Amino acid sequence: MGIPVSECLLKLMAEGYTLDDYRGDIPPRWCTGCGDNGILAAVQRLCRDEQLPPERTVFVSGIGCSSRFPHYMNAYGFHGLHGRALPVAEGVKLRRPDLHVFVSTGDGDCCSIGAAHWIHAIRYNMDMTVLMHDNQIYGLTKKQASPTSPRGVKSNTTPRGTYLDPLNPLSVTLGVANVSFVAQAADWIPELLYDIISEAYHHKGFSFVRILQRCPEFMPHQFDPWVQNPDKMLLLTHEKGVQLSAGLSKVYRKQEAHDPGDLHRAREIASLSEQIPVGILYRDSDVPCYEDVRMVDRLHTPDVIKGVLEEEFDKFTIWPSE
Amino acid sequence: MDRQTLKEPRQEQVRRARVAKPKAVSTRKTGQRRGPRAAPKQAVTLKEHVVEIVSDSGEGAQRCGQSFGSVAARMGNGIWTVEIIPAEIQPPARSIAGASGNRIRVASERVTNGGDEADLVVAFNEQVLLGRYRAKELKPGCVILLEDKWRTDPDADIAVSYAHVYDELVAEGYKVHEIPMESECVKYVPDPRRGKNMFVLGLLCSIYSLDLEMAREQIRFVFRKKDAKVIDLNLELLEAGHDWAEENLDIKYAIPASKPKDPQIVMNGNTALALGVLASGMEVCAMYPITPATSASHYLSDIFERVGCVVHQAEDEIAACAFAIGASYAGKCAVTITSGPGLSLKQEGIGLAVMSEIPLVVVDVQRGGPSTGQPTKAEQGDLLSACFGGHGDAPKVVMAASTIEDCFYSVIMARKIAETFNMVVMVLTDASLATAQQPFPRPDFNEQWLAPPIDQSAVPEGASPYDWDPRTGLAPRFIPGQPNGMHCLTGLAHDRLSHVAYDPEINQEGIRNRSLKLATFQKTLKAPAIFGDEDGDLLIVGWGSTKGAIEEAVERLRADGKRVSSLHLKFLQPMPSGMKDMFRRFDKVMTVENTWSDSLDSEVFDEDSRRYAGLALLLRARFLVDVDCWGEVKGQSIKPGKIVRAVLERLP
Ligand SMILES: Cc1ncc(C[n+]2csc(CCOP(=O)(O)OP(=O)(O)O)c2C)c(N)n1
Ligand code: SF4
Ligand SMILES: [Mg+2]
């Protein structure tokens, strides 16, 4: 664009990592219009803004469309087993506090097959940013009902509509001991999506962000009422939460000043039925992280290991008589 | 401090303990107890004896048995102890199924297994005794020491039952001695349920001519976390039992011992396993409680933090396995310890580790299966699920520990293999190794056991994470934190760049390389040595905890002139080279395994339908040799005598 190469390089050095540095070497293969594309863009922007060294950043996922996420990042990625992203991420983090850990998980991955891990991960409160891509359907396996599919959704396993009310990931999360960060974002409000993920990243602990994610392929009109009518959205703002730009404020007129320290109100907001809340529902920075709780101030060196082994052997040793 | 206490009885301490002895509880004066007694009894010299102590659970027979074994070991005897464990925590009192205790094989020489039926049994009630009798654990005509309080029990049913069992056993030729355990013990403790065991230890010290001072040392060690009062009381009970036997029993044996020249460790297999984890340099153990594996993690939880490491009790086995994989992926090679049902849950994760070439150590302390099966009992039923239990083609190393000592070293070796080959290594032990105790030479710490510090240096630009070496199948391992090493690991079929492979050739290549890696590892294996002659009429092949019993059976058969040898496998997958040649030099080859196999004893079990034991199946498939098999699933280690019988049936 007419800038000399040397200047370009200088600019690069000054800025450090650019967006490109976080792009994986294969382009995303999600469907056109898939909400996952927007989530990827927000995360890449975050990495750039925070200048996260790609080699110290790990993206862990399960299996699903959304779990392809790590493939599209330039960082360490772990695309593992359906439902098991969280325990893998915990194992990564436990002894490597130097790594920034992100998790991408789907509604099936997190709330169905991985539900036990989800509950316990909240309780462990390990420092990681968890993005739950909730398209309310199983995408990868081609349209089966998920635990978050609204009642009545027709899918390949529920051709006459789902039978049960959906599980509410926000209320569930807010009900677990040691919960420390719960937020909700929508892929169609990218500005807020970025702000919320950024807040999640900055929170030390298990930051759970449920992202309402459009799946044009299998749920083409699922979120239409909310996309088309901003008044059906409730934006949570607070000095301790996210603040809205003037532009956003104009479009999304339904707002609530919600203090993320207010667990009781957070639970009420989580259970709203007509309106979709977007923002930070809950934050408690004082909940201890499991990796810190389990950190022992002992070196793991050959000398220390030898010392403990010898002490233990002593307890079980029969010495030859002199 | 422990070292000293164990090494040499410290006279000062002993004396102090004596002085501090509370006099009030004793109704007899020390002088009286040490009063004149009959001329010293002539001890019958034995090569070995199997001793059982059984009680209701909670009466301390296990502690008594372990202490007895430890004292014998301190004297320099060969020992092997086996726990007798009821399946429930609190089974009803005086029940046949509730027998809890310990079996101790004491010998002049080193022993490698629990031996055959018991030569002497101490029973706290006639019901637990009956349990052992029915389980055919008593040698015909053996010596029985039976608590006599039940004879006069106010409950007529109990008294009748006692008298009935007593009469029957005597009629059958058992030498039953009624011992007033309770009435002797109440002289010292208000609740004899909590003291009889040390009284019995005293009895046994007298009967087997064990050094009472060593028994005192043992008691001080066992109760080291309790206060002095408790120790003194137990010392008193020990002496009371000893003196009572000296005065009232005319059974006296001596099993000559020879003090080992080097320090020996006495511990069970799970303790050895836990220490092996610590010595291997692994930093993380992720587990979920399951019998009989859990006690290894209990002990590890107790000591692991002292070297800065973590035992993580996950929410289930699936999570435990995934957690371990995550830690290993991040450069901190991890172990997950479980038993059969837990292994099944871990299989999907194991498949992922194989596919993505993450080092991982999985320990399966086998128990009776399938399903919940026999949680506290020994069986070797998981061999095939360890080798092939996952989905798809998942080459991994499967090895088995065959002694207590081996439980220690196997984990160290497993970690090494796992990290050298970026592979899953399964270590199989079982309930019998987990709880059995046997002395082994105290290991000399070796820095080579430990994992090297993780590599965080930059990866050469352009290097690919799965750059499989065409000769060995080995690929580098890029650990998060290494600049230029960024890639997305995946459980999907992938190419050298770890990109999802849509090309059928690439899938074929990946699978080939993972198989090649196992073959490369196979080339490092040495053929095991044959126990006995290199040729003969029959070769027994075994794996895991049956080693001692098989080799003892072979010795007996050979002493009888039979041309029988044995071969014991440490590596089950892959197997070392050279085995087929060994098989050729024998007329028959059979496996002995503590697992089910059809024997042709029914019309419908025939060659067409016969299901072989795991190792037999593997050997038949690999070597095209007509390998026979024999085994049992009675929830306990196979006895050498039974192996002898099974082999004799197969010899010309
Ligand atoms: C053990 C196991 N069971 C089932 C599957 C098949 N499977 C893959 S993804 C998926 C559901 C994905 O739905 P979700 O988690 O909502 O992710 P999405 O594709 O919608 O992003 C299922 C059932 C699997 N891979 N592994
Ligand atoms: S199927 Fe749905 S979730 Fe999957 S990529 Fe397509 S739009 Fe996205
Ligand atoms: Mg989904």
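Up top you'll find the structure we're talking about.
Residues numbered from 1 in each chain as written. Chains lettered and ligands numbered in written order. Predicted model: local features only at pLDDT ≥ 70, side-chain atom pairs only at ≥ 80, totals over all residues. Heavy atoms only, no water.

Focus on the overall build of chain B
The following threshold applies: Helical segments are the DSSP runs of H or I of at least four residues, strand segments are the runs of E of at least two, and each set is numbered from the N terminus. Every radius of gyration here is taken over C-alpha atoms, with the globule rule written as 2.2 Å times N^0.38, N being the number of residues. Buried means the residue's accessible area, taken with a 1.4 Å probe over protein chains only, is under 20% of the maximum for its type, while exposed means over 50%, and partly exposed covers the values in between. Contact criterion: two residues are considered in contact whenever any of their non-hydrogen atoms come within 4.5 Å of each other. We count Lys and Arg on the positive side and Asp and Glu on the negative side, and we leave His and both chain ends out. Taken as the charge centre is NZ of Lys, CZ of Arg, CG of Asp or CD of Glu, depending on the residue.
Along its length, chain B carries 22 helices and 23 strands. Over its C-alpha atoms chain B spans a radius of gyration of 27 Å, differing by no more than 12% from the 26 Å that the globule rule assigns to 652 residues. By principal-axis analysis of the C-alpha atoms, chain B measures approximately 90 × 60 × 50 Å. In chain B, which comprises 652 residues, the proportion classed as buried is 62%. Residue pairs at least 24 apart in sequence account for 77% of intrachain contacts in chain B once pairs closer than 6 positions are excluded. Of the charged side chains in chain B, 77 are positive and 86 negative, and the gap between their average positions amounts to 6 Å.

Observations regarding the pairing of strand β11 (residues 276-283) of chain A
Residue and element names in this part refer to chain A. This is how the line gets drawn: When DSSP finds two or more bridges between a pair of strands, those strands are recorded as paired.
Counting buried positions over the eight residues of β11 gives eight, a clear majority of the element. In terms of strand pairing, strand β7 (residues 181-186) meets β11 through four bridges, oriented antiparallel. Its bridge partner lying in β11, Gln184 is registered against Gly279. Strand direction decides the pairing type here: strand β9 (residues 233-237) and β11, joined by three bridges, are parallel. Paired with Leu234 across the bridge in β11 is Pro277.

A closer look at the side chain of A:Arg283
Residues and elements named next belong to chain A. For the record, the criterion: The term polar contact refers here to a pair of N or O atoms within 3.5 Å; inside protein, the definition further demands a hydrogen-donor-capable atom paired with an acceptor-capable atom, and it admits residues adjacent in sequence only when both atoms are side-chain atoms.
Inspection of the secondary structure assignment puts Arg283 in strand β11. A polar contact is formed between the side chain of Arg283 and the side chain of Glu199, at a distance of 2.9 Å. Once residues lying within four places of it in the same chain are set aside, the contact partners of Arg283 are Ser180, Phe181, Glu199, His203, Lys240, Gly241, Pro260 and Gly261.

Section: the site of ligand 1
Residues and elements named next belong to chain A. To keep it simple, the criterion reads: Throughout, near means a residue has at least one heavy atom within 4 Å of the molecule or strand. Here, Shrake-Rupley sampling with a 1.4 Å probe gives the accessible areas, and only protein chains in the shown set may cover a residue. Here the nonpolar group is Ala, Val, Leu, Ile, Met, Phe, Trp, Tyr, Cys and Pro; Asp, Glu, Lys and Arg are the charged ones; every other residue, Gly included, is treated as polar.
As a structural note, the neighbourhood of ligand 1 is formed by 17 residues, with Cys65, Ser66, Asp107, Gly108 and Asp109 the closest of them. One nitrogen or oxygen atom from the main chain of Gly108 is found 2.9 Å from an oxygen atom belonging to ligand 1. Leu140 has a polar backbone atom sitting 3.0 Å from an oxygen atom of ligand 1. Look at ligand 1: alone it shows 580 Å² of surface, and the protein chains cover 77% of it. Among the elements of the structure, α4 (107-113) and β5 (137-138) are those that each provide at least two residues to the shell around ligand 1. Here the element with the most residues in the shell around ligand 1 is α4; it accounts for four residues. Considering only residue class, the shell around ligand 1 consists of six nonpolar, eight polar and three charged.

Some words on the environment of A:Arg84
Inspection of the secondary structure puts A:Arg84 in the loop between β2 (76-79) and α3 (85-94). For the pair formed by A:Arg84 and A:Tyr17, sequence separation is 67 residues and the distance between their alpha carbons is 31 Å. Not counting chain neighbours up to four residues away, the residues in contact with A:Arg84 comprise A:Ile113, A:Gly114, A:His117, B:Ile318, B:Ala322 and B:Glu348.

Looking at helix α19 (residues 547-559) of chain B
Residues and elements named next belong to chain B. Quick note on the threshold: Here, expected helix span is obtained from the residue count minus one, scaled by 1.5 Å.
Under the 1.5 Å per step criterion, the end-to-end length of α19 is 18 Å for 13 residues, consistent within 8% with the ideal 18 Å. Against the buried residues of α19 lie β4 (100-107), β18 (530-531), β19 (536-543), β20 (564-569), β22 (586-593) and α22 (640-650). Following α19 by one or two positions, Gly561 has its phi on the positive side, about 90°.

Description of the state of the cysteines
In plain terms, the rule: For this text, the term disulfide refers to a pair of cysteine sulfurs within 2.5 Å.
Under the criterion given, the structure shown has zero disulfides over all chains. Not engaged in a disulfide, the cysteine A:Cys47 finds its nearest cysteine sulfur in B:Cys488; these two sulfurs lie 14 Å apart. Summary of cysteine pairing: B:Cys285 is not part of a disulfide, and the nearest cysteine sulfur, belonging to B:Cys309, is at 11 Å.

Description of the coordination of the magnesium ion (ligand 3)
All names here are of chain A. The condition is simple: The rule for donors is simple: an N, O or S atom within 2.8 Å of the metal counts, and for Na, K and Ca the reach is 3.2 Å. Water is not among the atoms, so a site may look short of donors.
Only Asp107 (OD), Asn135 (OD1) and Ile137 (O) from the protein reach the magnesium ion (ligand 3) as donors, at distances of 2.0 to 2.2 Å. Each donor residue of the magnesium ion (ligand 3) belongs to the same chain, and together they define the spacing D-x27-N-x1-I. One end of the pair, Asp107, is in helix α4; the other, Asn135, is in the loop between β4 (128-134) and β5, and 28 residues separate them in sequence. Accessibility expressed as a relative area gives 6% for Asn135, which makes it buried.

Regarding the packing of helix α13 (residues 317-329) of chain B against helix α14 (residues 340-356) of chain B
Residue and element names in this part refer to chain B. Convention followed: In this analysis, axes come from line fits to C-alpha atoms, helices being fitted only over the stretch in contact, and the angle between any two N-to-C directions falls in the range 0 to 180 degrees. For classification purposes, angles smaller than 35 degrees are called roughly parallel, those larger than 145 roughly antiparallel, those between 65 and 115 roughly perpendicular, and all remaining angles oblique. Crossings are assigned a handedness: left-handed for a near helix turned anticlockwise from the far helix by less than a right angle, right-handed for a clockwise turn.
Direction vectors running N to C along α13 and α14 enclose 30°, while the axes themselves pass 8 Å from each other. Of the possible angle classes, the one that applies to α13 and α14 is roughly parallel. Where α13 crosses over α14, the handedness of that crossing is right-handed. Residues Glu317, Ile318, Ala320, Cys321 and Ile325 of α13 form the contact with α14, whose participating residues are Gly342, Leu345, Lys346, Gly349, Ile350 and Ala353. Across the contact of α13 with α14, the residue classes tally to seven nonpolar, two polar and two charged.

Some words on the interface of chain B and chain A
Put simply, the rule reads: Buried area is calculated as the accessible area (1.4 Å probe) missing from two parts once they are joined, with the contributions of both summed. Salt bridges are identified by distance alone: a Lys or Arg side-chain nitrogen within 4 Å of an Asp or Glu carboxyl oxygen.
Across the boundary between the two partners, chain B contributes 80 residues, which contact 58 residues of chain A. Around 6,400 Å² of area is buried between chain B and chain A when both sides are counted, 64% of it from carbon and sulfur atoms. Between A:Arg294 and B:Glu305 there is a salt bridge; the shortest N-O distance is 3.3 Å. At the junction of chain B with chain A, the criterion picks out 32 residue pairs in polar contact (both at pLDDT 80 or more). At eight residues, α13(B) tops the list of elements feeding residues into the side of chain B that touches chain A. A per-class count over the side of chain B that touches chain A returns 46 nonpolar, 17 polar and 17 charged.

Here we look at the pairing of strand β7 (residues 175-179) of chain B
Residue and element names in this part refer to chain B. To keep things clear, this is the line we draw: Whether a crossover is right-handed comes down to one check: with the strands pointing away from the viewer, does the path from the first strand over the helix to the second run clockwise; if it does, it is right-handed.
In this structure, strand β6 (residues 138-147) lies alongside β7, joined through five bridges in parallel fashion. Considered in β7, the bridge of Ile144 is made with Val176. Regarding the hand of the β-α-β motif, the stretch spanning β6, helix α6 (residues 156-171) and β7 is right-handed.

Examining the sheet that holds β22(B)
Residues and elements named next belong to chain B. Here five strands make up an open sheet; going across it, the order is β18-β20-β19-β22-β23 and the pairing mixed. In this open sheet, the two edge strands, each paired with only one partner strand, are β18 and β23 (628-631). Direction of pairing for β19 relative to β22: parallel, over a ladder of five bridges. Counterpart to Leu539 in the pairing with β22 is Val589. Most of the contacts of helix α21 (residues 614-623) go to β22, to which it runs at about 140°, and overall it touches β19, β20, β22 and β23.

Regarding the pattern of salt bridges
All names here are of chain B. A complete count under the given rule lists 61 salt bridges over all chains for this structure. Note that Lys139 is salt-bridged to Asp119, the shortest N-O span being 2.9 Å. Of the two residues, Lys139 is situated in strand β6 and Asp119 in strand β5 (residues 118-123); the sequence distance between them amounts to 20 residues. A cluster of three or more residues bridged by salt bridges with shared partners is formed by Glu48, Arg105, Asp116, Glu552 and Arg556.

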